[in-house]
Each structure stands twice: as structure tokens, then as C-alpha cells.
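For reference, the chains in residue letters:
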Amino acid sequence: MKILVIGGTGLIGSKVVNKLRDQGHNVIAAAPSTGINTITGEGLAEAVNGTDIVIDLANSPSFADKEVLEFFETSGRNLLAAEINAGVKHHIALSVVGTDRLQESGYFRAKQAQENLIRKAGVPFTIIHSTQFMEFLGGIAASAHEGGSVVISPTKIQPIASEDVASMVVELSLANPINDIIEIGGPERFKLSELLQTYLTKTNDPLEVISDEKALYFGSPLEELTLVPAATAKLGTITFEEWFPNRPQRA
């Protein structure tokens, strides 16, 4: 099959592209650097022509409220319109567990807008809600850095390795569209504050983690289970201790 991977040069996208090519599929890794731009429309119609499956793994270069909303709305509209014209059979988008529960955050409002566009477009779809990638633990710590400490909620978190994410994206992309959301997560559940302290200690970072139930997560308050998937979620197999020694030095 011909498969177009938007964001095909990124952390997850590059893994998805390689896995699909290993299975013998004709895969296009789409990104502005490869001449395919979902914001400007450059190369998009040509890339989508004759495509069976489109996997959207793109992320906004800016997390500022206005810019991130414009990115996901513009990219989503352009991509879905091209898919309708080309008769694409399956649209897959990677989103985040808890998106609907994190609407005080501009980023998650933008992800919700993206999902709403997909539901209304008329292209058969599967929306994958993933828990936080293990590769982004450093970024979560940086976002909560206050003075000489990291102030973060003790909410539960069930992080997933990018390798597991990529494998599940491939599996679900090749399956029939479900026209709904499916959740994926890692095999272990932690307290976010404790996991970040473990991560910082292992990376020889002297920052101390302070647990605060009122601490905001990218602008949104958290309840105990905001960031974890339901019991019906598909779970990966790579544990934190298995992932850590093989982690990319830059996510």
C-alpha cells in the first residue's frame, strides 16, 4: 500500500516509516524538509494522490496558544481536504490521553480542535490517544522548573517508550478504521513527581522535585488520573528501566 506519514522525519515518524518500509509498503516521509508542507500546501496534493493511508504525526513548532491552534487547524483542514479529493481510506492521528480533560491548556485545546476536524471530515479515521512519551520526561521537568527545584503534581502517569508508540501506530494504521479514539500507554504506572525525581537523579541532574497537588501541568490543573488511560488501553512492553539505558540523548 501507499502510505503517507506526516511528520515522517520526527521522533515517532521516522520509526513508523522504517517499520512500514520493512513490511514492504510504499511509504512517503512527509515534512517541510522533504518538500511536503501541510501548512502552505506545498507538495501535498501530489503526495496524497493514490495514497491508501495517511498517518498524521506532525506537531506544532510553537506551543504558544495562538500559534499552536493555527497550526493544527490549518494543517488539519489542508490535509483532510486533500485526502477527500484523493479518496484516502484511513486517516490516523496521534493525540494525547487526557486531551479532553486538559482544556485549560492552549496546546490541548488545539489538539481537541484537530480531533474535531477529523471527526467531521468524512474520512474513515482512527485517533490514537497516547500517554506521555518517556523521551519527554526531561521536557516535563523543564516546564515545571522554578528556581532550583521542579514543582510538579504527584498525579499518576503511565509513560510509554517511543518504540512502543511507533509499533502501535503501525499496527493500528494497517487495521480497519474504528472512527473513534483508542488509548495506548506504557506498562507501568508511577507518581509523576517520583518518576521525575528518579529520572533527574539517573541523569545526574541536581534539581530537587517538590510534589505539589496544586501544581499546573502545561497550564492545566491535574486530578489523580488525568494523565492515565482507561483499563481498555493497549499497553506497550518496554519498562522505564529497560528504556533508560537506550534512551536517545536528545528527544
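Cut-offs and rules
- Residues numbered from 1 in each chain as written.
- Predicted model: local features only at pLDDT ≥ 70, side-chain atom pairs only at ≥ 80, totals over all residues.
- Heavy atoms only, no water.
- Pairing = 2+ DSSP bridges.
- Helix = DSSP H or I, 4+ residues; strand = E, 2+ residues; numbered from the N terminus.
- Contact = heavy atoms within 4.5 Å.
- Axes fitted to C-alpha atoms, helices over the stretch in contact; angles between N-to-C directions.
- Phe/Tyr/Trp six-rings, centres within 6.5 Å; stacked < 30°, edge-to-face > 60°.
- Buried < 20%, exposed > 50% of the residue type's maximum accessible area, 1.4 Å probe, protein only.
- Expected span 1.5 Å × (residues − 1).
- Parallel < 35°, antiparallel > 145°, perpendicular 65-115°, else oblique.
- Left-handed = near helix turned anticlockwise from the far one by under 90°.
- Nonpolar A, V, L, I, M, F, W, Y, C, P; charged D, E, K, R; others polar.
- Polar contact = N/O pair within 3.5 Å; in protein donor to acceptor, adjacent residues only side chain to side chain.
- Core = buried A, V, L, I, M, F, W, Y, C linked by side-chain atoms within 4.5 Å.
- Salt bridge = Lys/Arg side-chain N within 4 Å of Asp/Glu carboxyl O.

J.: Can you lay out the sheet that holds strand β11 (residues 208-211) for me, pointing to particular residues and giving the numbers?
T.: Sheet architecture is open: 3 strands sit in the order β6-β7-β11, paired in mixed fashion. Each end of this open sheet is capped by a strand with a single partner; those strands are β6 (145-146) and β11. Inspection of the sheet shows β6 paired to strand β7 (residues 149-152) by 2 bridges, in the antiparallel sense. Opposite H145, over in β7, you have V150 as the bridge partner. In this fold helix α7 (residues 192-202) packs onto β7 and β11, with an angle of close to 175 degrees to the strand it touches most, β11.

J.: Can you explain the packing of aromatic side chains? Please cite residues and give values.
T.: The description of two aromatic rings rests on the distance between their centres and on the angle between their planes. Throughout the structure, instances matching the rule amount to 11 aromatic pairs. Centre to centre, the rings of Y107 and F108 are 5.4 Å apart; their planes meet at 90 degrees, and the pair counts as edge-to-face. One aromatic cluster is present, built from ring pairs that chain together F63, F71, F72, Y107 and F108.

J.: Which residues make up the pairing of strand β3 (residues 53-56), and what values do they have?
T.: Neither face of β3 is open: one carries I53 and I55, the other V54 and D56, and all of them are buried. Across 4 bridges, strand β1 (residues 2-6) lies against β3 in parallel orientation. Residue pairing across strands places I3 opposite I53, the latter belonging to β3. Bridge count for β3 against strand β4 (residues 90-96) is 4 bridges, and the pairing is parallel. Of the residues in β4, the one forming a bridge with V54 is H91.

J.: Could you give an account of helix α1 (residues 11-22), with specific residues and numbers?
T.: The terminal C-alpha atoms of α1 lie 18 Å apart, and with 12 residues this matches the ideal 16 Å at 1.5 Å per residue to within 8%. Buried residues in α1 make contact with β1, β2 (26-30), β3, β4 and α6 (162-174). Just downstream of α1 lies G24, where phi reads positive at about 95 degrees.

J.: Which residues make up the packing of α1 against α6, and what values do they have?
T.: Their axes nearest at 9 Å, the elements α1 and α6 cross at an angle of 55 degrees. Taken as axis vectors, α1 and α6 run oblique relative to one another. Note on packing geometry: the crossing formed by α1 with α6 is right-handed. Counting all contacts with α1, which are made through L11, I12, K15, V16, K19 and L20, the residues of α6 involved are S162, E163, V165, A166, S167, V169, V170 and L174. Taken together, the residues of the contact of α1 with α6 sort by class into 9 nonpolar, 2 polar and 3 charged.

J.: Would you mind going over the environment of E67 in detail, with residue names and values included?
T.: Considering the arrangement of structural elements, one finds E67 in helix α3 (residues 65-86). A relative accessible area of 40% means that E67 is categorised as partly exposed. Linking E67 and G106, residues 39 residues apart in sequence, is a C-alpha distance of 9.5 Å. Ignoring sequence-local partners within four residues, the contact set of E67 consists of S60 and S62.

J.: Help me get a handle on the side chain of S95, residues and values and all.
T.: With respect to the secondary-structure elements, S95 resides in strand β4. Of the polar contacts made by the side chain of S95, one reaches the side chain of E115; its length is 2.6 Å.

J.: Hey, could you go over the sheet that holds strand β12 (residues 234-235) for me, with residue numbers and the actual values?
T.: The strands that make up a sheet are held in pairs by hydrogen bonds between backbone atoms, and each pair lies either parallel or antiparallel. Reading across the sheet, the 7 strands line up as β2-β1-β3-β4-β5-β9-β12 and stay open at both edges, with parallel pairing between neighbours. The two strands at the open ends of the sheet, each matched to only one other strand, are β2 and β12. Against the sheet, helix α4 (residues 106-121) touches β3, β4, β5 (125-130) and β9 (181-185), its axis set at about 160 degrees to β4.

J.: Can you tell me about the nonpolar core, naming the residues and giving the values?
T.: Core analysis: the biggest nonpolar cluster contains 49 residues, and L4, V150, I152, L192, L196, Y217 and W243 have the highest contact counts within it. Per element, the largest residue contribution to this core is 6 residues, and it comes from α3. In this structure, V16, I128, I160 and L172 belong to the second largest nonpolar core, which totals 24 residues.

J.: Provide a residue-level description of the pattern of salt bridges, including the pertinent values.
T.: Evaluation of the coordinates by the stated rule reveals 9 salt bridges. The closest approach of N and O atoms between R109 and D65, which form a salt bridge, is 3.4 Å. You can see R109 sitting in helix α4 and its partner D65 sitting in helix α3, a full 44 residues away along the chain. For R109, a relative accessible area of 35% corresponds to the partly exposed category.

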